[in-house]
Amino acid sequence: MTPVLEARNLVRDYQIPGSLLKRGRTVHAVKGVSFAVDQGKTLAIVGESGCGKSTLARIVTMIDPATSGEMLIDGEKVDIARDGLTSEMRRKVQIVFQNPYGTLNPRKKIGDILSEPLIINTRMKADERRDKAMAMLKKVGLEEKHYGRYPHMFSGGQRQRVAIARALMLNPRLLVLDEPVSALDLSVQAQVLNLLADLQDEFQLTYVFISHDLSVVRYIADDVMVMYYGEAVEYGSREDVFSDPKHSYTKTLFAATPRADVDSIKERLARKAA
Ligand SMILES: Nc1ncnc2c1ncn2[C@@H]1O[C@H](COP(=O)(O)OP(=O)(O)OP(=O)(O)O)[C@@H](O)[C@H]1O
Ligand SMILES: [Mg+2]
C-alpha cells in the first residue's frame, strides 16, 4: 500500500537577517526527518516547545516549502517551489490549529465559513453548498440552528468542531492537527478526540497529530515520532515507543508526565498485548 504521506529527509532552515550590529544567522528548525503514514492511521508528533513540530506541519500542509528533502502525497511528489502544485494536491491536505478563533473569520456566519472552500474550489450551486455544509455540521456534532451563528457565539470545543468541519469540506485525504485540543478543558478534549476518531473511521482519514501531551498521544496515535531540537530521536509504533523508550529525551519526557498517566498507559498496553 502506498502511504498517504511520505517524508524523506525533510530539512527546514530559517535565515534570521542580521542588523548593523548583529550578524545574520540560520535556525535549523527541522534537521532531516523521515516518516510515512498509511491511510486511516495517525502519526503523533511529540516534543517540547521549539523542537520544530509546527514547522513540519507547515511543510506537510504545503504552506511553507522545505529547504531540502522530499515529500510525497499518495505517492506523488510535492514541489511547492514550482508551479507544479495543483489545487487538487492542495485539497488533499488540510490543517486544524490549536486556536480556531484565530482562523475563523469573526464577521462570517458558520454556514459561510463552511461554504467558502466550496465556492473557491468547486462549481457547486448555492443549494448544494448549503446541503453539504449542513451535513458536515451534523457530522461534527453540531446542529442546523448553528448554521447562521457567528464564531463568538460558540464554546471553545464547538469552535474546534467548526474548524474540523471546515477542514473536511473538500474531502481531504490527510488532516494535520497542530495541538487541536490543547486549549480545551479535559472533558471537552475527550469529546473532540472521540469525534476525530469517529471521523477517521468514517472517512478513512489519515492524521498527523501534533501534541506535547502524552496522555492525548496514547489515546489517538498509531505511530509516534518524538522530536528534539529538529531531529526525530524516536519513531515507531505507539506500543514500542511507550513501553520501551530508547532515547534519553523520551525517558525524560515520560518522567515529566504524571505517574498515573504512565501507569495507565502501561496498563492499557499490557491489556492490549494479552
Ligand atoms: N518564520 C520563522 N523564522 C525564523 N525562525 C522560526 C520561524 N518559525 C519557527 N522558527 C524557529 O524554528 C524552531 C522551531 O519552531 P516551531 O514553531 O516549529 O516549534 P514547535 O515545536 O511548533 O513549538 P511549540 O510547541 O512552541 O509550538 C524554533 O526555534 C523557532 O524559533
Ligand atoms: Mg507549534
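Residues numbered from 1 in each chain as written. Chains lettered and ligands numbered in written order. Predicted model: local features only at pLDDT ≥ 70, side-chain atom pairs only at ≥ 80, totals over all residues. Heavy atoms only, no water.

**Q** It is not clear to me how the site of ligand 1 should be interpreted in this structure. Could you clarify?
**A** Inspection of the region around ligand 1 gives 13 residues, with Ser 49, Gly 50, Lys 53, Ser 54 and Thr 55 positioned closest. One of the side-chain nitrogen or oxygen atoms of Ser 49 is found 2.5 Å away from an oxygen atom of ligand 1. At 2.7 Å, a side-chain N or O of Lys 53 approaches an oxygen atom of ligand 1. Coverage of ligand 1 by the protein amounts to 60% of the 640 Å² it exposes when considered alone. The set of elements that each furnish at least two residues to the shell around ligand 1 consists of strand S1 (5–16), strand S2 (25–37) and helix H1 (53–60). When residues in the shell around ligand 1 are grouped by element, the largest group, 4 residues, is from H1. (Near = heavy atom within 4 Å. Polar contact = N/O pair within 3.5 Å; in protein donor to acceptor, adjacent residues only side chain to side chain. Areas by Shrake-Rupley, 256 points an atom, 1.4 Å probe, with all protein chains shown as cover. Helix = DSSP H or I, 4+ residues; strand = E, 2+ residues; numbered from the N terminus.)

**Q** How do you make sense of the side chain of Arg 129 when you look at a structure like this?
**A** Relative to the elements of secondary structure, Arg 129 occurs in helix H4 (residues 126–139). Beyond its immediate chain neighbours, meaning those up to four positions away, Arg 129 contacts Ser 115, Leu 118, Ile 119 and Met 124. (Contact = heavy atoms within 4.5 Å.)

**Q** Please explain the sheet that holds strand S10 (residues 231–237) as it appears in this structure.
**A** One key point about sheets: their strands pair by backbone hydrogen bonds, in either a parallel or an antiparallel sense. Reading across from one edge, S6-S7-S8-S3-S9-S10 is the order of the 6 strands in this open sheet, with mixed pairing throughout. Bordering the open sheet on either side are strand S6 (93–96) and S10, each of which pairs with just one other strand. Pairs of neighbouring strands in the sheet enclose a mean axial angle of 15 degrees, with direction left out of account. As judged from the 5 bridges shared by strand S3 (residues 42–46) and strand S8 (residues 206–211), these two strands associate in the parallel manner. Of the residues in S8, the one forming a bridge with Ala 44 is Phe 209. Together, S6 and strand S7 (174–178) form the strand contacts of helix H5 (residues 156–168), whose direction differs from that of S6 by roughly 170 degrees. Along the sheet face, helix H9 (residues 248–255) touches S3, strand S9 (223–228) and S10 and points at about 100 degrees away from the line of S9. (Pairing = 2+ DSSP bridges. Axes fitted to C-alpha atoms, helices over the stretch in contact; angles between N-to-C directions.)

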